[in-house]
Amino acid sequence: SADQMLTFSLQIGVADAEQWWGAIAMAIAYLRGTYGDLADAAGEFAGRYDTAVSWHGSHAWTLIEAGRPDEAREIVERHALDRPERFPVDDFAISTLGYVAFVAMLLERSAMGAAIETELRPYEDLWMSIEVYCFGPVTWPLAAAVSAQRRFEEADELFARTDRLLEERGLRLARNMMRRDWVLTLSRSDSPAHLAQARTLAELGAATAAQDGHDRLTQTFQELRASLG
């Protein structure tokens with residue numbers, strides 16, 4: 001388990017063992033729909049690794065999921081998360097762009113979404129990975145970046161591509177989390193067809209989350225479905 005690996009890593013002196021354990025814990029919480037619960041823990045890691053844009057992006061993202069968008073906006077401004085062209089190019093570069101894309105979508109920041117889209121487009125056919133786990137295809141955060149710009153038809157197509165890729169590889173939990181972003185995007189559209197599609201996806205997401213025993217994610221889908229009428 002991740003806890004056992006943390007204990008072993010600390011015993012042999014791996015300097016960043018806690019950081020990797022934290023990253024895995026956050027990935028698990030995200031797939032269960034409880035990502036926001038780790039907002040303060042993400043902030044602690046972001047403070048410990050202040051030059052790591054990936055942690056600041058994760059911190060802002062978890063704050064939004066925790067219902068604390070004003071604090072997330074402060075993080076965006078303080079660490080210039082809306083200037084992705086300035087992000088360092090390292091092992092986490094693509095994933096970092098992905099995290100910040102979701103921040104742009106959730107905060108509905110169009111200019112930020114456009115800047116992230118520009119940086120992500122060259123990697124559209126790749127997958128995001130940070131060594132210990134694979135997050136998903138780049139089409140997913142790219143859809144989020146496009147969604148932030150309210151280009152709902154294009155975002156819908158990118159989410160549909162993501163859905164097919166996740167289904168092909170049997171990534172059931174990631175696929176259901178992706179549905180949440182897809183529903184949220186379509187719910188912002190004025191198109192009756194998009195709204196009908198959002199209702200169907202929300203119902204499927206709730207049923208899948210309930211089957212997996214993810215109560216919080218089930219509730220999230222149910223609330224989204226209720227908001228659609």
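What counts and how
- Residues numbered from 1 in each chain as written.
- Predicted model: local features only at pLDDT ≥ 70, side-chain atom pairs only at ≥ 80, totals over all residues.
- Heavy atoms only, no water.
- 1 Å grid on protein atoms, 1.4 Å probe; cavity = no way out; pocket = protein on both sides within 12 Å on 5 of 7 lines; lining within 4 Å.
- Points joined across faces, edges and corners; volume = space filled by probe spheres on them.
- Helix = DSSP H or I, 4+ residues; strand = E, 2+ residues; numbered from the N terminus.
- Nonpolar A, V, L, I, M, F, W, Y, C, P; charged D, E, K, R; others polar.
- Buried < 20%, exposed > 50% of the residue type's maximum accessible area, 1.4 Å probe, protein only.
- Polar contact = N/O pair within 3.5 Å; in protein donor to acceptor, adjacent residues only side chain to side chain.
- Contact = heavy atoms within 4.5 Å.
- Phe/Tyr/Trp six-rings, centres within 6.5 Å; stacked < 30°, edge-to-face > 60°.
- Axes fitted to C-alpha atoms, helices over the stretch in contact; angles between N-to-C directions.
- Parallel < 35°, antiparallel > 145°, perpendicular 65-115°, else oblique.
- Left-handed = near helix turned anticlockwise from the far one by under 90°.
- Salt bridge = Lys/Arg side-chain N within 4 Å of Asp/Glu carboxyl O.
- Arc of directions from axis to C-beta.

Section: the layout of surface pockets
In this structure, the largest pocket encloses a volume near 590 Å³. For the largest pocket, the lining is made up of 32 residues, of which Ala23, Tyr99, Ile130, Tyr133 and Phe135 are closest to its centre. Those elements giving two or more residues to the lining of the largest pocket turn out to be helix H2 (17–32), helix H4 (53–65), helix H6 (93–107), strand E2 (134–137) and helix H10 (172–187). At nine residues, the largest contribution of residues to the lining of the largest pocket is made by H2. Of the residues contributing to the lining of the largest pocket, the split by class is 26 nonpolar, five polar and one charged. Volume-wise, the second largest pocket comes out at about 320 Å³. Every element with two or more residues in the lining of the second largest pocket is listed here: H4, H10 and helix H12 (215–227). Considering each element in turn, the lining of the second largest pocket owes the most residues, five residues, to H12.

With respect to the side chain of Thr96
Mapped onto the secondary structure, Thr96 falls in helix H6. Overall, Thr96 belongs to the buried group, its relative accessible area being 5%. Within polar-contact distance, the side chain of Thr96 engages the backbone oxygen of Phe92 at 2.8 Å. If we ignore the near neighbours within four places in the chain, the residues touching Thr96 are Val53, Ser54 and Phe87.

Observations concerning the packing of aromatic side chains
Both the distance between ring centres and the angle between the ring planes are used here to describe each pair of aromatic rings. Taken as a whole and judged by the stated rule, the model has 14 aromatic pairs. Counting every residue linked through ring pairs, the aromatic cluster contains Tyr30, Tyr35, Trp61, Tyr99, Phe102, Phe135 and Trp140.

Some points on the packing of helix H3 (residues 39–48) against H4
Here H3 crosses H4 at 160°, and the two axes come no closer than 8 Å. The pairing of H3 with H4 is recorded here as roughly antiparallel in orientation. Pair H3 / H4 crosses with left-handed handedness. Residues Ala39, Ala42, Gly43, Phe45 and Ala46 of H3 form the contact with H4, whose participating residues are Trp55, His56, His59, Thr62 and Leu63. Looking at side-chain class alone, the contact of H3 with H4 contains six nonpolar, four polar and no charged residues.

Some details on the pattern of salt bridges
According to the stated counting rule, one finds 23 salt bridges in the structure shown. Its salt-bridge partner being Arg225, residue Glu203 comes within 2.8 Å of it at the nearest N-O pair. Taken as a pair, Glu203 in helix H11 (residues 192–212) and Arg225 in helix H12 lie far apart in primary sequence, 22 residues in all. The partly exposed category is assigned to Arg225, whose relative accessible area is 23%. A single network of salt bridges, built from pairs that share partners, joins Glu117, Arg121, Glu124, Arg151, Glu154 and Arg161.

Digging into H3
Within H3, the full set of buried residues consists of Ala39, Ala42, Gly43, Phe45 and Ala46. Each buried residue of H3 sits inside an arc of 165° when the element is viewed along its axis, so together they form one side. More than 90 degrees from the buried face of H3, the exposed residues found are Asp40, Glu44 and Gly47.

Some points on the packing of H4 against helix H5 (residues 69–78)
Packing of H4 against H5 brings their axes to within 7 Å, and their N-to-C directions diverge by 160°. In terms of axis orientation, H4 runs roughly antiparallel to H5. Read as a crossing pair, H4 and H5 show a hand that is left-handed. Across from His56, His59, Ala60, Leu63 and Ile64 in H4, the residues of H5 making contact are Pro69, Glu71, Ala72 and Ile75. Along the lines of polarity and charge, the residues of the contact of H4 with H5 split into six nonpolar, two polar and one charged.

What is shown is where atoms sit, not what they do.
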